[in-house]
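Coordinates in review
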Amino acid sequence: MTATKTPHADPAERKTTYREALREALRDALRADDRVFLMGEDVGRYGGCFGVSLGLLEEFGPDRIRDTPLSESAFVGAGIGAALGGLRPIVEIMTVNFSLLALDQILNNAATLLHMSGGQLPVPIVIRMTTGAGRQLGAQHSHSLEGWYAHIPGLRVLAPATIADARHLLAPALADPDPVLIFEHGGLYNTSGDLPADAGPVGLGQAAVRRPGTDVSLITYGGSLPKALTAADELAGGGISAEVVDLRSLRPLDDATISDSVARTHHAVVVDEAWRSGSLSAEISARLTEHNFYDLDAPVERVCSAEVPMPYARRLEEAALPQPGTIVAAARRAVGDAPDDGRAD
Amino acid sequence: MSTTRTPRASASRSRSRSRPDRQAAHRRDLLHGMLRVRRFEERCVELYSEARIRGFMHLCIGEEAVAVGVTEALTADDAVVSTYREHGHALARGVPADAVMAEMFGKVTGCSRGRGGSMHLFDAGRRFYGGNAIVGGGLPLAAGLALADRMTGRPRVTCCFFGDGAFAEGEFHETANLAALWGLPVLFVCENNLYAMGTALSRHQAQTDLALRAAAYGMVSWAVDGMDAAAVEDAARRAVEGVRAGSGPHFLEMRTYRFRAHSMYDSDRYRDKAEIERWRERDPVELLARLMRERGELPDETLTGLEDEVRAEIDDAVRAAEQAPEEPVEDLLTYVTSPPAEVNRP
Ligand SMILES: Cc1ncc(C[n+]2csc(CCOP(=O)(O)OP(=O)(O)O)c2C)c(N)n1
Ligand SMILES: [Mg+2]
């Protein structure tokens, strides 16, 4: 798939935030197609629990910006039904933690109907939700479960990490005939920066190299991207050139981009805020051994969250999460530049 | 296992009803309980703005009569299951203020050793089962605690607090049916404060008479003025008696209101300021204080005395929380699974 530019791309580069970029994407989608509507808890009058849909109710009315009761299973399932009925629902779940109440609908209906029906029933739904930790919200509001969803055939799973992706991933997600899950890291909403004028829609399923480098590939996504970029800066100061690969799509994975990068750098560090065991980072590491076994000069390193329900206390939460420092240390180990830390290599 | 039990009057009922001076003393206790919660949370607001408390924090200011009145009707053996808006439930239940405060400071002396924060207060010794930040998440637990009591023949009650928003979740409806079907000793206490975050009751419930709907499950079900501590306590005592007597789960819809925003992150733009003001006229603390004044039970020095006592308790709690140590980072992975020695302990 190749990236195409929209004819009406934004006139010039301008400052915005991740949150506003998401909102603009929603607004565009609602304007472009009458079948598109947004529903979820507090998306309307409240403007979304993280303020993403603020102002959309006023513009599009309560029919298309639909507040739901606290009934995740019912409104996600209803979104799936509405998609079967010819609409293009965008369902917002406040956070991935609450999506577990709708997991049955997502897995047993959205992801399987096409196949179970022998190809008769595609489910063109988009489900957005917040993910991630870092705000001292404790164990029921902080987990990164997108890797679980990336396990499921029949779903597409996206994780916009940049303002441009926040702005441009929704349109192709809606155009896709199958269910697409979009994970927005809670720590990114306030990110501000420039929205490049030429950044048109991106093809689904494409990773992006956010920073080229030659010595080690930092493979990451979502809320860990800024941390990996910070780590790359620090590594550069120490003479290590890190390439930063932003997965963007967690399912399917862009094997080609990942593999190309590691074929050039010969070292890989996977950074994933989710737990390590049975995770997306494990999947990437496995694929690297399948595709890049003879390119690798060292074992694949992984920087993940500690395997603990996320603690509230600030110091404990910080210690539980990947940090630029732990990414730097892993990269140094990978390239064999580690201070002797007692680890057997 | 028998499904019926002998009725047993709540321990303190006759005591609190017998003589006018006892009633006055009891009202003073209720007022003290509510003031404790109110002042504690007001202090939390200050501490939050100083970033000494972090995360999501939900206040029950305006809803104190429910926490205090209901727990008054429970015995120490009964269990309480709560929500993320649980400071009042925890304090009323007897979780020490310094353990609650230290928890919000993320300190090792906190009632959840700093792992939980404001939304996850626990105290197993006081049978306070938390502190649940998944809306409706505590309801099935309450049924299970009650089932365990039923199956082991313990005459205990499990009280579960939850909101009007939670009433829309499958968790509520599945649990209500199960508890009623099995006649489980659960007291469902729905704190109907008219909002689920920014969504008004009439925008998230097709039928807003929640007590009516709960009754459809075959439970005894009443709507109660949740701003009147005495009315709350009275209803809770009767319901607890019924539950303990074996007549199955009871449901109380507590009609109440939160005076503050949903959480510290909420800008509270979805409701009319006049509506808040109208409800403030029925402030549960004021309402009881007014009644006591009318009865000549609340001379100024009594109120000052209560306020002083409460302030001292909170000052101590804050001081202790400030001085308490943090959990060392080396202990990050404790309590993920039980220590080996405890796994197979009989
Ligand atoms: C399953 C789930 N969905 C959504 C949320 C986000 N959320 C937290 S509190 C809340 C409102 C709950 O309202 P209600 O049950 O009436 O309780 P109240 O906050 O009014 O005490 C929402 C939507 C959540 N924590 N859990
Ligand atoms: Mg409510």
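If you're wondering where the values come from, they're calculated on a predicted model, not measured in any experiment. (Residues numbered from 1 in each chain as written. Chains lettered and ligands numbered in written order. Predicted model: local features only at pLDDT ≥ 70, side-chain atom pairs only at ≥ 80, totals over all residues. Heavy atoms only, no water.)

**Digging into the sheet that holds strand β10 (residues 216-220) of chain A**
All names here are of chain A. Here five strands make up an open sheet; going across it, the order is β9-β11-β10-β13-β14 and the pairing mixed. Of all the strands in the sheet, the pair left with one neighbour each is β9 (208-211) and β14 (301-305). Along the sheet, successive strands turn relative to each other by an average axial angle of 25 degrees, direction set aside. As paired strands, β10 and strand β13 (residues 268-275) are joined by three bridges and run parallel to one another. By the bridge assignment, L218 is partnered in β13 with V269. Contacts between helix α12 (residues 280-291) and the sheet are confined to β10, β13 and β14, with β13 contributing the most and set at about 155 degrees to the helix. In the packing of helix α14 (residues 324-335) onto the sheet, the strands contacted are β10, β13 and β14, and the crossing angle to β14 comes to about 160 degrees. (Pairing = 2+ DSSP bridges. Helix = DSSP H or I, 4+ residues; strand = E, 2+ residues; numbered from the N terminus. Axes fitted to C-alpha atoms, helices over the stretch in contact; angles between N-to-C directions. Contact = heavy atoms within 4.5 Å.)

**Re the interface of chain A and chain B**
Interface size, as often reported, equals the accessible area lost upon joining of the parts. On the chain B side, the residues contacting the 33 residues of chain A number 39 residues. For the pairing of chain A and chain B, the buried interface totals around 3,100 Å² over both sides, and the portion due to carbon and sulfur atoms is 61%. A per-residue breakdown of the area chain A buries against chain B is headed by Y46, L70 and Y312 of chain A, which together make up 24% of the total. Where chain A touches chain B, the interface holds one salt bridge. With a closest N to O distance of 3.0 Å, E326 of chain B and R315 of chain A form a salt bridge. At the boundary of chain A with chain B, the tally comes to 14 residue pairs in polar contact (both at pLDDT 80 or more). Secondary-structure elements contributing two or more residues to the side of chain A that touches chain B are α4 (96-99) and α13 (314-320) of chain A. It is α13 of chain A that provides the largest number of residues to the side of chain A that touches chain B, a total of five residues. (Buried area = accessible area lost by both parts, 1.4 Å probe. Salt bridge = Lys/Arg side-chain N within 4 Å of Asp/Glu carboxyl O. Polar contact = N/O pair within 3.5 Å; in protein donor to acceptor, adjacent residues only side chain to side chain.)

**Things to note about the UniProt feature "domain: Transketolase-like pyrimidine-binding" (unreviewed entry) in chain A**
Taking the UniProt record as the reference, the feature "domain: Transketolase-like pyrimidine-binding" (unreviewed entry) is found at residues 16-191 of chain A. Note that residues 16-191 of chain A is 37% helix and 19% strand, and that its end C-alpha atoms are spaced 8 Å apart. (UniProt positions renumbered as here; feature names shortened; annotations may be inferred.)

**Considerations on the packing of aromatic side chains**
Residues and elements named next belong to chain B. Per the stated rule, a full pass over the model turns up 18 aromatic pairs over all chains. Ring geometry for F56 against Y265: centres 5.0 Å apart, planes inclined by 80 degrees, an arrangement best described as edge-to-face. Here F56, found in the loop between α2 (20-49) and α3 (64-72), pairs with Y265, found in the loop between β7 (250-255) and α11 (273-280); they are 209 residues apart in sequence, far enough to count as distant. With centroids separated by 6.3 Å and ring planes inclined at 85 degrees, the aromatic side chains of F162 and F188 adopt a geometry described as edge-to-face. Note that F162 is positioned in strand β2 (residues 158-163) and F188 in strand β3 (residues 186-192), a separation of 26 residues in sequence. (Phe/Tyr/Trp six-rings, centres within 6.5 Å; stacked < 30°, edge-to-face > 60°.)

**Points about the coordination of the magnesium ion (ligand 2)**
All names here are of chain B. The coordination sphere of the magnesium ion (ligand 2) contains the protein donors D164 (OD), N193 (OD1) and Y195 (O), at a distance range of 2.0 to 2.1 Å. Between consecutive donors of the magnesium ion (ligand 2), the numbers of intervening residues give the motif D-x28-N-x1-Y. The same class applies to N193 as to Y195, namely buried. (Donors = N, O, S within 2.8 Å, 3.2 Å for Na, K, Ca; no water. Buried < 20%, exposed > 50% of the residue type's maximum accessible area, 1.4 Å probe, protein only.)

**Topic: the UniProt feature "domain: Dehydrogenase E1 component" (unreviewed entry) in chain B**
Under the present numbering, the feature "domain: Dehydrogenase E1 component" (unreviewed entry) in UniProt falls on residues 34-329 of chain B. Summarising residues 34-329 of chain B: 46% helix, 11% strand, and an end-to-end C-alpha distance of 37 Å.

**Structural notes on empty space enclosed by the protein**
All names here are of chain A. Counted under the stated rule, the structure contains eight cavities of 30 Å³ or more. The calculated volume of the largest cavity comes to roughly 70 Å³. Around the largest cavity, the lining residues are T131, S144, E146, A159, F183, H185, Y221, G222, G223, S224, D272 and E273. Of all the secondary-structure elements, those providing two or more residues to the lining of the largest cavity are β7 (180-185) and β13. Class assignment for the residues of the lining of the largest cavity results in three nonpolar, six polar and three charged. (1 Å grid on protein atoms, 1.4 Å probe; cavity = no way out; pocket = protein on both sides within 12 Å on 5 of 7 lines; lining within 4 Å. Points joined across faces, edges and corners; volume = space filled by probe spheres on them. Nonpolar A, V, L, I, M, F, W, Y, C, P; charged D, E, K, R; others polar.)

**So, the site of ligand 1**
Residues in close proximity to ligand 1 total 22 residues, the closest being E72 of chain A together with Y84, R85, D164 and G165 of chain B. Chains contributing residues near ligand 1 are chains A and B. A distance of 2.8 Å separates a nitrogen atom of ligand 1 from a polar backbone atom of A133 of chain B. Protein contact buries 96% of the 580 Å² of open area that ligand 1 shows by itself. Partitioned by chemical class, the residues of the shell around ligand 1 number twelve nonpolar, five polar and five charged. (Near = heavy atom within 4 Å. Areas by Shrake-Rupley, 256 points an atom, 1.4 Å probe, with all protein chains shown as cover.)

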